[in-house]
Amino acid sequence: MNDEIIRFLEQKMQQNNIDCFFAAQLTGIPLKRIQEVFEEGAALKGSEFLYFCRALKISSAELKGFMEKIV
């Protein structure tokens, strides 16, 4: 499931022209941690996922639709 979440976030970041450095600024998650998740395959914590959703302005309807597909 982590892989699907990472792909979803990567897609949203690309749509908004956001790189890992800018994502760190928007979310408050340290850049090193973001790199661990996106480049090294570390598991994304639930709270980190919510920070990303908030920073990327992912609507609750879009989030619900995504979660229904992967669960």
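In case you missed it, the structure is sitting above this.
Note that this is a predicted model, so its numbers are computed, not measured.

Where charged atoms of side chains with opposite charge meet at close range, the side chains can pair. A full pass over the atoms with the stated rule returns four salt bridges. One salt bridge in this structure joins K12 and E62, with 2.2 Å as the shortest N-O distance. Taken as a pair, K12 in helix α1 (residues 2–15) and E62 in helix α5 (residues 60–70) lie far apart in primary sequence, 50 residues in all. Take K12: its relative accessible area is 12%, and that puts it in the buried class. Under the relative-accessibility criterion, E62 is labelled partly exposed at 32%. Its salt-bridge partner being R33, residue E36 comes within 3.6 Å of it at the nearest N-O pair. Here R33 and E36 lie together in helix α3 (residues 31–40), a separation of three residues that amounts to about one turn. Assessed through its relative accessible area of 24%, E36 is described here as partly exposed. Judged by its relative accessible area of 16%, R33 is buried. In the salt-bridge network here, residues are joined through shared partners; they are R33, E36 and E48.

The rules behind each value
- Residues numbered from 1 in each chain as written.
- Predicted model: local features only at pLDDT ≥ 70, side-chain atom pairs only at ≥ 80, totals over all residues.
- Heavy atoms only, no water.
- Salt bridge = Lys/Arg side-chain N within 4 Å of Asp/Glu carboxyl O.
- Helix = DSSP H or I, 4+ residues; strand = E, 2+ residues; numbered from the N terminus.
- Buried < 20%, exposed > 50% of the residue type's maximum accessible area, 1.4 Å probe, protein only.

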